[in-house]
Amino acid sequence: MRKQSQKNFQLASRTNVLALFLLATNIGELKGNEVNTHPKLQVIPSPDGTIMWVWLLGPTSDDRSYPSRTEGLCMSRSIIGRVECGRTHLEVSEELGIAQSVISRLWQRFQDDSNVSRCYSTGRPRVTTPNEDRYLAVTAKRNRRSTASDLSRQLSSATGTTVSRQTVYRRLGHIGLYARRPVRCVPLTATHCRLRLAWSREHALWTPQQWSCVMFSDESRFSLQSDSRRTFIWRAPGTRYHQENTIERHRYGGAGWLVWGGIILGSRTDLHVQSVTMTGHIYRDVILEQHVRLFRGAMGAEFLLMDDNARPHRANIVEECLQSEDITRMDWSAYSPDLNPIEHVWDMLGRRIAARQPPPNCLPELRRALLDELCNIPQDQIDNLILSMPRRCKACIASSGRHTPY
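Summary of the structure given here. Owing to the predicted nature of the structure, the values given are computational and were not obtained by experimental measurement. (Residues numbered from 1 in each chain as written. Predicted model: local features only at pLDDT ≥ 70, side-chain atom pairs only at ≥ 80, totals over all residues. Heavy atoms only, no water.)

### Comments concerning the overall build of the protein
Condition: Secondary structure follows DSSP: runs of H or I at least 4 residues long count as helices, runs of E at least 2 residues long count as strands, and numbering of each begins at the N terminus. Contacts are assigned to residue pairs that have any heavy atoms within 4.5 Å of one another. Per-residue and other accessible areas follow the Shrake-Rupley method at a 1.4 Å probe size, with only the shown protein chains counted as cover for residues.
Along the protein, the regular secondary structure elements total 15 helices and nine strands. Here the analysis covers contacts within the protein between residues at least 6 apart in sequence; of these, 66% occur between residues at least 24 apart. Surface exposure of the protein reaches about 25,300 Å², of which carbon and sulfur atoms provide 52%.

Encoded structure:
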């Protein structure tokens, strides 16, 4: 009996099967084809009825600790162990619910090389060589606006290798290049960059106390039919042009309102709404006299007004009004909307207007929505925008005066 047990143990080791053998005297009440209650073990008698083979099966339905590769390997070993115990391929197939052809191929592979694991396969050969991959990367970086079809044609004309658009996407994706929409920014000349850099260096070390004296102001336009494309819809494939999935808009946005506002640390001005363009007289009589002058009187001589270099802001009558009211204007570099935190306030306001249900359908509704939604923006969000000015200055310095992520 001891020699037979050693022989079976050597057989289990040779087959690389996760198996244990137990003497019939050591398994007590387990007899015949009785199965152990352990969810991982199954007891199977040997042909002579004296040796019990126990295979470690795959994971149960409530056990996810084993990866799928391990589960398949355990099943393969279990099949080989059953066949070596004297079971026929048909019996194993019916017991495990696996096709008999699968068991036959597995047994044949085990007979050939004593291995039940899947052979390593490199898969489909790559169409492009490493040099061709580098050619695609260099070409895409030299001309960022090239499409995948353009890159495929250039590669074919240069090397003779024809690849699909998806292959171009995959090759560029491996090095971190993906097709994305370019960011829209204002045009900057060398003079603009130099002035922006100088302004950022001058104000990079300002303290929150100094920024709390600055009122950031600007105008913005909101239309009934905006082309901001902030609104998303849920639609099924192939239903892009169904009536419920379309939004009808005029080409140039249609009617709307021009708004002016100012923000300061801890407060904000009322929103001024008008239907006409801003002029020097309106800026003096309405903006400065009715809004800015009140904050100047409350804050004292430390008050600074920030406005951009638009023509109405630089009119002679505006300069005279600022001198008469003793309002100090902050120096501001041209073409710097990314340095003005109120631009983010307009963005938040636009998102709130786009999210209203139902959306405004006429100018009076749009006016009321603008006034209501601006009041609903929390003041702490506005304060955080103003306190981000040191980071904006550092970002502008890091980019040498060019565009920043803000």
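### Brief notes about the pairing of strand β4 (residues 214-223)
Rules: Per-residue accessibility, obtained with a 1.4 Å probe over protein chains only, is compared with the maximum for each type, and a residue is labelled buried under 20%, exposed over 50%, and partly exposed between these values. What makes two strands pair is DSSP finding at least two bridges between them.
Most of β4 sits out of view: eight of its 10 residues are buried. Here three bridges tie β4 to strand β8 (residues 304-306), and the two strands are oriented parallel to one another. Residue pairing across strands places Phe216 opposite Met306, the latter belonging to β8. Two strands pair when backbone bridges link them, and β4 and strand β5 (residues 256-264) are joined in this way by eight bridges, in the antiparallel orientation. Bridge assignment links Phe216 to a residue of β5, and that residue is Ile263.

### With respect to the nonpolar core
To keep it simple, the criterion reads: Definition used in this section: a nonpolar core is a set of buried Ala, Val, Leu, Ile, Met, Phe, Trp, Tyr and Cys residues joined via side-chain atoms within 4.5 Å.
Of all hydrophobic cores here, the largest spans 34 residues; its most connected members are Trp199, Trp211, Val214, Phe216, Val345 and Leu370. When residues of this core are traced back to their parent elements, those giving at least two are β4, β5, β8, α12 (342-354), α13 (363-376), α14 (379-387) and α15 (389-398). Broken down by element, the residue count for this core peaks at six residues, all from α12. Residues contacting Phe216, with those up to four places away along its chain left out, are Trp211, Gly261, Gly262, Ile263, Met306, Asn340, Pro341, Ile342, Ile386 and Met389. Among the nonpolar cores identified, the runner-up in size contains 17 residues, and Trp260, Val286, Phe303 and Leu322 belong to it.

### Description of the packing of aromatic side chains
For any pair of aromatic rings, the description consists of the separation of the ring centres together with the inter-plane angle of the planes. Put simply, the rule reads: Pairing of aromatic rings covers Phe, Tyr and the six-membered ring of Trp, with a centre-to-centre limit of 6.5 Å; geometry is then stacked below 30 degrees between planes, edge-to-face above 60, and tilted otherwise.
Under the criterion given, the structure shown has six aromatic pairs. Ring geometry for Trp107 and Phe110: centres 5.7 Å apart, planes at 35 degrees, overall tilted. Of this pair, Trp107 and Phe110 both sit in helix α4 (residues 100-113), three residues apart, which is roughly one turn of the helix. Both residues of the pair, Trp107 and Phe110, belong to the buried class. Ring geometry for Phe222 and Trp346: centres 6.3 Å apart, planes at 75 degrees, overall edge-to-face.

### Focus: unusual backbone geometry
Residue Pro358 is bonded to the preceding Gln357 through a cis peptide linkage, with omega at -5 degrees. With respect to the element layout, Pro358 can be found in the loop between α12 and α13.

### A closer look at the pattern of salt bridges
Opposite charge on two side chains permits pairing when their charged atoms draw close. Cut-off, in case you're wondering: The rule for a salt bridge is simple: a side-chain nitrogen of Lys or Arg has to be within 4 Å of a carboxyl oxygen of Asp or Glu.
If you walk through the whole model with that rule in mind, you get 15 salt bridges. As a salt-bridge pair, Asp338 and Arg196 come within 2.9 Å of each other at their nearest N and O atoms. Here Asp338, found in the loop between β9 (328-329) and α12, pairs with Arg196, found in helix α8 (residues 190-203); they are 142 residues apart in sequence, far enough to count as distant. Of the residues examined, Asp338 reaches a relative accessible area of 11% and is grouped as buried. Judged by its relative accessible area of 1%, Arg196 falls in the buried class. For the salt bridge of Glu373 with Arg356, the shortest nitrogen-to-oxygen distance reads 2.6 Å.

### Re helix α11 (residues 316-324)
Rules: Think of the arc as the fan of directions from the helix axis to the C-beta atoms.
Looking only at α11, the buried set comprises Val318, Cys321 and Leu322. Looking straight down α11, one finds its buried side chains confined to an arc of 100 degrees; they lie on one side. Relative to its buried face, α11 has exposed residues pointing more than 90 degrees away, namely Asn316, Glu320, Gln323 and Ser324. On its buried side, α11 packs onto α10 (280-299), β8 and β9.

### Let's talk about α13
Residue pairs three or four apart in sequence face the same way in an α-helix, which turns once every 3.6 residues. Our working definition: Helix span is expected to be 1.5 Å times the residue number reduced by one.
Taking 1.5 Å per residue, 14 residues should reach 20 Å; α13 reaches 20 Å between its end C-alpha atoms and fits that length. Next to the buried residues of α13 lie β4, β5, β6 (267-268) and α12.

### Quick word on the packing of helix α5 (residues 130-142) against helix α6 (residues 148-159)
In a packed pair of helices, the relevant descriptors are the angle between the two axes and the axis-to-axis distance. The cut-off we apply is this: Think of each axis as a best-fit line through the C-alpha atoms, taken over the contacting stretch in the case of a helix, with angles from 0 to 180 degrees between the N-to-C directions. Orientation categories follow fixed angle ranges, with anything under 35 degrees roughly parallel, anything over 145 roughly antiparallel, 65 to 115 roughly perpendicular, and all other angles oblique. It is the rotation of the near helix from the far one that decides the hand of a crossing: anticlockwise by less than a right angle makes it left-handed, clockwise makes it right-handed. Just so you know the grouping, Ala, Val, Leu, Ile, Met, Phe, Trp, Tyr, Cys and Pro go in nonpolar, Asp, Glu, Lys and Arg go in charged, and all remaining residues, Gly too, go in polar.
One way to put it is that α5 packs onto α6 with a least axis distance of 10 Å and a crossing angle of 130 degrees. Comparing their axes, α6 and α5 come out oblique. In this structure, the crossing between α5 and α6 has a hand that is right-handed. On the side of α5, the interface is formed by Glu132, Tyr135, Leu136, Thr139 and Ala140, while α6 contributes Leu151, Gln154, Leu155, Ala158 and Thr159. In terms of residue class, the contact of α5 with α6 is built from six nonpolar, three polar and one charged.

### Let's talk about the pairing of β5
Taken across its nine residues, β5 has nine buried, putting it largely inside the fold. Inspection of the sheet shows β5 paired to strand β7 (residues 272-274) by three bridges, in the antiparallel sense. Bridged to Leu258 within β7 is Gln274. Taken together, the two bridges between β5 and β6 define a ladder with antiparallel strand orientation. Of the residues in β6, the one forming a bridge with Ile263 is Arg268. Counted between consecutive antiparallel strands, the loop separating β5 from β6 contains two residues, among which Gly266 sits at a positive phi close to 90 degrees.

### Structural notes on the state of the cysteines
Cut-off, in case you're wondering: Put simply, a disulfide is two cysteine sulfurs that come within 2.5 Å.
The final tally for this structure, using the stated rule, is zero disulfides. There is no disulfide at Cys193, and the cysteine sulfur nearest it, in Cys396, is 8.1 Å away. According to the relative accessible area criterion, Cys193 is buried, its value standing at 7%.

### Observations regarding the environment of Asp307
Keep this limit in mind: Nitrogen and oxygen atoms within 3.5 Å of one another constitute a polar contact, given that in protein one can donate a hydrogen and the other can accept it, and given that sequence-neighbouring residues count only through two side-chain atoms.
Within the secondary structure, Asp307 is located in the loop between β8 and α11. What makes Asp307 buried here is its relative accessible area of 0%. Apart from the residues lying within four places of it in its own chain, the contact partners of Asp307 are Ser217, Tyr283, His313, Arg314, Arg329 and Trp332. Engagement of the side chain of Asp307 in a polar contact is seen with the side chain of Tyr283, the distance being 2.8 Å. Of the polar contacts made by the side chain of Asp307, one reaches the side chain of Arg329; its length is 3.2 Å.

Taken by themselves, the reported measurements are silent on function.
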